[in-house]
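# Inside the fold
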2 protein chains.
Amino acid sequence: MPASRVLARAAIRALPRRALTPSVARAAAVPRASASASVSATQLGTSVRHGSTLPPRHSEFTKPTAEHIKDLRAILSAPTSLLSTLDGTATEDELASFNDDWMNKYHGKGPIVVKPRTTEEVSKVMKYCYEKGLAIVPQGGNTGLVGGSNPVHDEIILNLTNLNQIRSFDPVSGVLVADAGVILEAADHHLAEKGFIFPLDLGAKGSCHIGGNVATNAGGLRLLRYGSLHGSVLGLEVVLPDGTIWEGLSKLRKDNTGFDIKQLFIGSEGTIGIITAISILCPRRPSAMNVAVFSLPSYEAVQKVYAEAKGQLGEILSAFEFFDRQSYALVKKHQEENGGERKVFETEGDFYCLIETGGSNAEHDEAKLSALLEHLMENEMVLDGVLAQDSTQFQSLWQLRELVPESAGKAGSVYKYDVSVPVGKMYSLVEKMRTKLREGGVLEEDGRPEGPIRAVAGYGHMGDGNLHINIVANKYTDDVEKIIEPYIYEIVAENEGSISAEHGLGVMKAPYIGYSKNETSIEMMKKIKHLFDPKGLLNPYKYIV
Amino acid sequence: MPASRVLARAAIRALPRRALTPSVARAAAVPRASASASVSATQLGTSVRHGSTLPPRHSEFTKPTAEHIKDLRAILSAPTSLLSTLDGTATEDELASFNDDWMNKYHGKGPIVVKPRTTEEVSKVMKYCYEKGLAIVPQGGNTGLVGGSNPVHDEIILNLTNLNQIRSFDPVSGVLVADAGVILEAADHHLAEKGFIFPLDLGAKGSCHIGGNVATNAGGLRLLRYGSLHGSVLGLEVVLPDGTIWEGLSKLRKDNTGFDIKQLFIGSEGTIGIITAISILCPRRPSAMNVAVFSLPSYEAVQKVYAEAKGQLGEILSAFEFFDRQSYALVKKHQEENGGERKVFETEGDFYCLIETGGSNAEHDEAKLSALLEHLMENEMVLDGVLAQDSTQFQSLWQLRELVPESAGKAGSVYKYDVSVPVGKMYSLVEKMRTKLREGGVLEEDGRPEGPIRAVAGYGHMGDGNLHINIVANKYTDDVEKIIEPYIYEIVAENEGSISAEHGLGVMKAPYIGYSKNETSIEMMKKIKHLFDPKGLLNPYKYIV
């Protein structure tokens, strides 16, 4: 090995074990993302969502009654498949986890939860509701961030938890067929045993359902490598609003026999049908994985490192994430509160980035990564860097990025935004947002701790141009929301961005769709919604209204 | 380098320069695929397509007249943008290349060709035709194989050739925005200069348009690596049947604000709108590329080599193609007729496969490929193999696979089929087809040269489960066609395959869609077609009828 390479390796420190906080180490012992997903809504601080901005109940929808419960019970095979406050099989508190969203920001009043055990049961429930004019909200893991998976009013909650079987996996083609209610992490564990990987990974993997992932077109941490679900999903089984089962579970990688109708359901957020099973192409699991985290002086430096990483790591680059000083401060505070030592970097910076590689040859991958690290250090492109030495450190370094949303939630009530803009302009949105809040007099800053906003943290998926802005407040208030919205959507639109890169529209962003879609698009969307769901019973008040 | 590795390299021979035929060497001097695409229809042998199986003209469509020409000329900026037999600006012969398909199998009688120069002109032409009830066939490079891009009767041919500008390319994101009429090879050349690659490659690249590629959801040679266009296309500009321009040219990798409507147009074969521009995510061009070709004793051996290649080459595997003895015989004959020496393999086999790698580090890639070759030789998994030593040999080895369709065309009139089935069952379809033709008494075999069928060649994209069957006949006849169809579709359906993996439906396969799609799917397709094109004017008689 050439001397310069040794030098670079020495300069990029191996992460010493003592630098890991106990809390991080503990978190790393459980599957990486579960820590984040297991936070209950109440842990995230008090929250009030003022109902004034939500759309009123549609008077044409039938109100659910005890009579409907009787009929629905006759359809369902198990008595536990229906819970309701109307017949005393559940209390309001017991239905809260179905009616409230993960952030405890949106609160529905659905009196009936139905949990069918088969696609046929889903079909019968849908047919019944269609005939009776009962509105339905489909629900997976209920981990969404835009109020899309819980009721707005009294919609019947059709929860997919009991559809949770892996149907088949073919190791020759890599095609997995599984029920919609399979938890993402469970699907990935199943694949790991066979040497494959689910082509999607995200913080909520311990709770979210693969059906919900497809219905919301989830993006996550490795889209950079494995691409969009529009490319990897091969087929779907969907129950249409009138109860018709569409059997579209193709296992073929190529099939040009007509409109690719399944694509409409990917990202449709449960508005035109309920996905009951998916068929998805899974890549081989990389046999070698590495992760390194760097502190950097500026957003410009992050961009330069990104360009270098793309060029030098090429096909083995599997993630490039960034987070800012405020994001890192939230994580450190959260880890401190859990009693941990926290020093990771000798020199901290205004920005941080995480680089992951995944390949089929450990020696080659290490050589490529070493060459990159050497280049970054020699050219003083980073302030400091640490490279994971084992799988525990691998998890711990990922936690620095993945704990950002959870840490923000621990610090207060969080206004969460998720936008796409060109990479070069991404961070300017965070800066503009801070300025706007400062002008609005609500920003808590050093020496002025009176403001209701404690932090404005920016982080996200560099490779996808996907920025997350978390605005941490003392509590949710209309006044603060009015300063943020629609301003944030306006600055996204100015940059021809998307007001929802991956979270979807739900109830939160439905009114703002015009910032990202033109009139012709919205018109086409309405026509498609009407074509599939002429009575508008499926996930109403959301998405396209 | 360990001794065993040197041994393997010696065993897998470097392709000696003398093994290259002059014709291959010549072909390699021009861009690889152009040779194939430049074959004119008449070179492919005599052809008769009996009109009896084609649908009759729809009486409700308006017949094009000289009056319409006058109106259309007023819309178009240049006099040369309209050619017609009705006003003497073109002869029937001059319109033949627009009316006939590439195989000279389908012959339309469109009296008017319109070649707009801007999206606005396309819009005005569409609006005019919509109001007048004139049917339209959109046409790109007219390289399709299912009669989808030429008229069936007297439809107005709307040819996109003049929409041929690259609009923008962003080297940070890799997003290319270009007019629909840009030739695939031109787009790729443009990208090559910037160090990027178009995420699609196919034989007709020298003639086909990128708009047509998207409209037909082309698959091609590197889908294995770069995935489907459903994943890489980011946005589209489309003129709808009534002339409305849908501006959906997003450059964002992530955008979850509503139904992903562009997906409907990908693979819609011009039936619900005319794509006038595309926005597509292009990966970095691999800096190192290798190709090796092997002879093998059996289809089982091909499958084993495929599994090994996937495992050992991992992320650098960029193509895995196979072809059978009859395919190779056609190519050899074609090369012989061009006066070339032809010996490539010391030991020929019943099967051949081509493996391509593309990566960012030549040294690493070579090491991975060497290890694979060593393994294949040591375990006697292949009969013989050659590895390209330079870019000319790289092109020449690719020609062994890419010349198959052209060589078949030179040998007679070709019935071309393109199906998807699980990889393990793929080749059994070729064998069943041969048996069927033998039973029908039409197969020319050694010692019985009287049959109208000269060869049944099987080849295709192993990684995608995509098999091409080329049945080479003396001439197209109804009798032979009746032996082949619908039998071939039946055996595909038995294996839950697709009757069109990548060629599309066009006029050829529209009647057979039921072999690949169920009633619910077909019903949804009809509704979508009607939603976008209520008068049914766009590319009638095809796709969904």
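Residues numbered from 1 in each chain as written. Chains lettered and ligands numbered in written order. Predicted model: local features only at pLDDT ≥ 70, side-chain atom pairs only at ≥ 80, totals over all residues. Heavy atoms only, no water.

## Digging into the overall build of chain A
- Of regular secondary structure, chain A possesses 19 helices and 17 strands.
- A buried classification covers 62% of the 545 residues belonging to chain A.
- Accessible surface, chain A: about 19,000 Å² in total, of which carbon and sulfur atoms supply 52%. (Helix = DSSP H or I, 4+ residues; strand = E, 2+ residues; numbered from the N terminus. Buried < 20%, exposed > 50% of the residue type's maximum accessible area, 1.4 Å probe, protein only. Areas by Shrake-Rupley, 256 points an atom, 1.4 Å probe, with all protein chains shown as cover.)

## Digging into the pairing of strand β11 (residues 288-296) of chain B
Residues and elements named next belong to chain B.
- Of all 9 residues in β11, 8 are buried, a share of seventy percent or more.
- Pairing between β11 and strand β13 (residues 351-359): 9 bridges, direction antiparallel. Across the sheet, A288 pairs through a bridge with G359, a residue of β13.
- Direction of pairing for β11 relative to strand β14 (residues 384-387): antiparallel, over a ladder of 4 bridges. Residue pairing in the sheet places F294 in a bridge with G385 of β14. (Pairing = 2+ DSSP bridges.)

## Observations regarding the side chain of B:T119
Residue and element names in this part refer to chain B.
- By secondary structure assignment, the location of T119 is in helix α6 (residues 119-132).
- Since its relative accessible area comes to 6%, T119 is described here as buried.
- Look past the residues within four positions of T119 in its chain and what remains in contact with it is L163, R167, E237, V239, I245 and T276. (Contact = heavy atoms within 4.5 Å.)

## With respect to the sheet that holds strand β4 (residues 136-139) of chain B
All names here are of chain B.
- In spatial order, the strands read β2-β3-β5-β4; together these 4 strands make up an open sheet with mixed pairing. Each edge of the open sheet carries a strand with a single partner, namely β2 (82-84) and β4. Within the sheet, the average angular offset between the axes of one strand and its neighbour, ignoring direction, is 20°.
- Bridging between β2 and strand β3 (residues 112-114) involves 3 bridges; their strand directions are antiparallel. By the bridge assignment, L82 is partnered in β3 with V114.
- Packing of helix α4 (residues 66-75) onto the sheet brings it into contact with β2, β3 and β5 (156-159), and relative to β2 it is tilted by some 165°. (Axes fitted to C-alpha atoms, helices over the stretch in contact; angles between N-to-C directions.)

## Considering the relation of the copies chain B and chain A
- Of the two same-sequence chains, chain B is brought onto chain A (RMSD 0.0 Å, axial shift 0.0 Å) by a rotation of 180°. Those values place the two copies in the arrangement expected of a two-fold rotation axis. Minimal C-alpha distance to the rotation axis in chain B is attained by B:G231, lying at 2.0 Å.
- Both copies contact each other with a shared surface, as 100% of the interface residues of chain B are interface residues in chain A too. (Least-squares fit on C-alpha atoms with pLDDT ≥ 70 in both.)

## Digging into the pattern of salt bridges
Residues and elements named next belong to chain B.
- Per the stated rule, a full pass over the model turns up 40 salt bridges over all chains.
- As a salt-bridge pair, E356 and R222 come within 2.6 Å of each other at their nearest N and O atoms. You can see E356 sitting in strand β13 and its partner R222 sitting in the loop between α8 (210-215) and α9 (223-226), a full 134 residues away along the chain.
- In this structure E356 comes out as buried when scored by relative accessible area, which is 0%. (Salt bridge = Lys/Arg side-chain N within 4 Å of Asp/Glu carboxyl O.)

## A closer look at the sheet that holds strand β5 (residues 156-159) of chain A
Residues and elements named next belong to chain A.
- Taken in spatial order, the 4 strands make up an open sheet running β2-β3-β5-β4, and their pairing is mixed. Each edge of the open sheet is held by one strand with a lone partner, namely β2 (82-84) and β4 (136-139). For this sheet, the mean angle separating the axes of adjacent strands, direction not counted, is 20°.
- Helix-sheet contacts for helix α4 (residues 66-75) involve β2, β3 (112-114) and β5, and the interaxial angle to β2 is about 165°.
- Along the sheet, helix α6 (residues 119-132) makes contact with β3, β4 and β5, crossing β5 at roughly 165°.

## So, the nonpolar core
- Counting 86 residues, the largest nonpolar core has A:F198, A:L236, A:F265, B:F198, B:L236 and B:F265 as its most contacted members.
- Sequence-distant contacts of B:L236, defined by excluding residues within four places in its chain, comprise B:V214, B:W246, B:E247, B:G248, B:L249, B:K262, B:F265, B:I266, B:I275, B:A277 and B:I278. (Core = buried A, V, L, I, M, F, W, Y, C linked by side-chain atoms within 4.5 Å.)

## Considering the packing of aromatic side chains
- Per the counting criterion, the structure on display carries 42 aromatic pairs over all chains.
- Sitting over the face of the ring of A:Y130, A:K535 holds its NZ or CZ atom 4.3 Å from the ring centroid.
- One cation-aromatic arrangement involves B:K436 over B:Y487; the distance from NZ or CZ to the ring centre is 4.7 Å. (Phe/Tyr/Trp six-rings, centres within 6.5 Å; stacked < 30°, edge-to-face > 60°. Lys NZ or Arg CZ within 6 Å of the ring centre and 35° of its normal.)

## Thoughts on the pairing of β4(A)
Residue and element names in this part refer to chain A.
- Here β4 shows no split at all, with I136 and P138 on one side and V137 and Q139 on the other all buried.
- Across 4 bridges, the pairing between β4 and β5 is parallel. Pairing of Q139 across the sheet is with N159, part of β5.

## Points about the confidence of the model for chain A
Residue and element names in this part refer to chain A.
- Model confidence for chain A is summarised by a mean pLDDT of 89, while 89% of its residues fall at 70 or above.
- Note on residues 1-11: pLDDT is under 50 here. Beyond four places in sequence and across chains, it has 13 contacts.
- Low pLDDT, under 50, characterises residues 15-52; the stretch is placed with 89 contacts to residues that sit more than four places away or in other chains. (pLDDT = per-residue confidence, 0-100.)

## Quick word on the interface of chain B and chain A
- If you look at the interface, chain B gives 79 residues, while chain A gives 80 residues.
- Summed over both partners, the interface of chain B with chain A comes to about 6,100 Å²; 59% of that surface belongs to carbon and sulfur atoms.
- When the buried area of chain B at its contact with chain A is split by residue, B:K254, B:N256 and B:F259 rank highest and sum to 17% of it.
- Taken together, the links from chain B to chain A amount to 6 salt bridges.
- At the boundary of chain B with chain A, the tally comes to 44 residue pairs in polar contact (both at pLDDT 80 or more).
- Breaking the side of chain B that touches chain A down by element, the ones donating at least two residues are α9, α10 (229-232), β9 (245-248), α11 (262-265), α12 (299-313), α14 (362-378) and α19 (519-532) of chain B.
- When the residues that make up the side of chain B that touches chain A are grouped by side-chain class, the tally is 27 nonpolar, 34 polar and 18 charged. (Buried area = accessible area lost by both parts, 1.4 Å probe. Polar contact = N/O pair within 3.5 Å; in protein donor to acceptor, adjacent residues only side chain to side chain. Nonpolar A, V, L, I, M, F, W, Y, C, P; charged D, E, K, R; others polar.)

## Concerning the packing of α12(B) against α14(B)
Residues and elements named next belong to chain B.
- For the pair α12 and α14, the least separation of the axes is 10 Å and the interaxial angle reads 150°. On the basis of their axis angle, the class for α12 and α14 is roughly antiparallel. For the element pair α12 and α14, the recorded crossing hand is right-handed. On the side of α12, the interface is formed by V305, E308, A309, Q312 and L313, while α14 contributes K368, L369, A371, L372, H375 and L376. (Parallel < 35°, antiparallel > 145°, perpendicular 65-115°, else oblique. Left-handed = near helix turned anticlockwise from the far one by under 90°.)

## Some words on the environment of A:S498
- Along the polypeptide, A:S498 turns up in the loop between α18 (487-494) and α19 (519-532).
- A:S498 sits 79 residues away from A:V419 along the chain, and the two C-alpha atoms are 5.5 Å apart.
- For A:S498, the contacting residues outside a window of four places in its chain are A:D418, A:V419, A:S420, A:V492, A:S516, B:L252, B:K254, B:D255, B:N256 and B:T257.
- At a separation of 2.5 Å, a polar atom in the side chain of A:S498 contacts the side chain of B:D255.

## Notes on the environment of B:Y226
All names here are of chain B.
- Assignment of secondary structure puts Y226 in helix α9.
- Sequence spacing of Y226 and A319 is 93 residues, and the spatial spacing of their C-alpha atoms is 9.9 Å.
- Residue contacts for Y226: discarding those within four places in its chain leaves I197, P199, P283 and P286.

## Observations regarding the packing of helix α14 (residues 362-378) of chain A against α14(B)
- Between α14(A) and α14(B), whose axes approach to 11 Å, the crossing angle comes to 180°. Classified by the angle between their axes, α14(A) and α14(B) sit roughly antiparallel to one another. On α14(B), the residues touching A:H364, A:A367 and A:K368 of α14(A) are B:H364, B:A367 and B:K368.
- Residues belonging to the contact of α14(A) with α14(B) are distributed by class as follows: 2 nonpolar, 2 polar and 2 charged.

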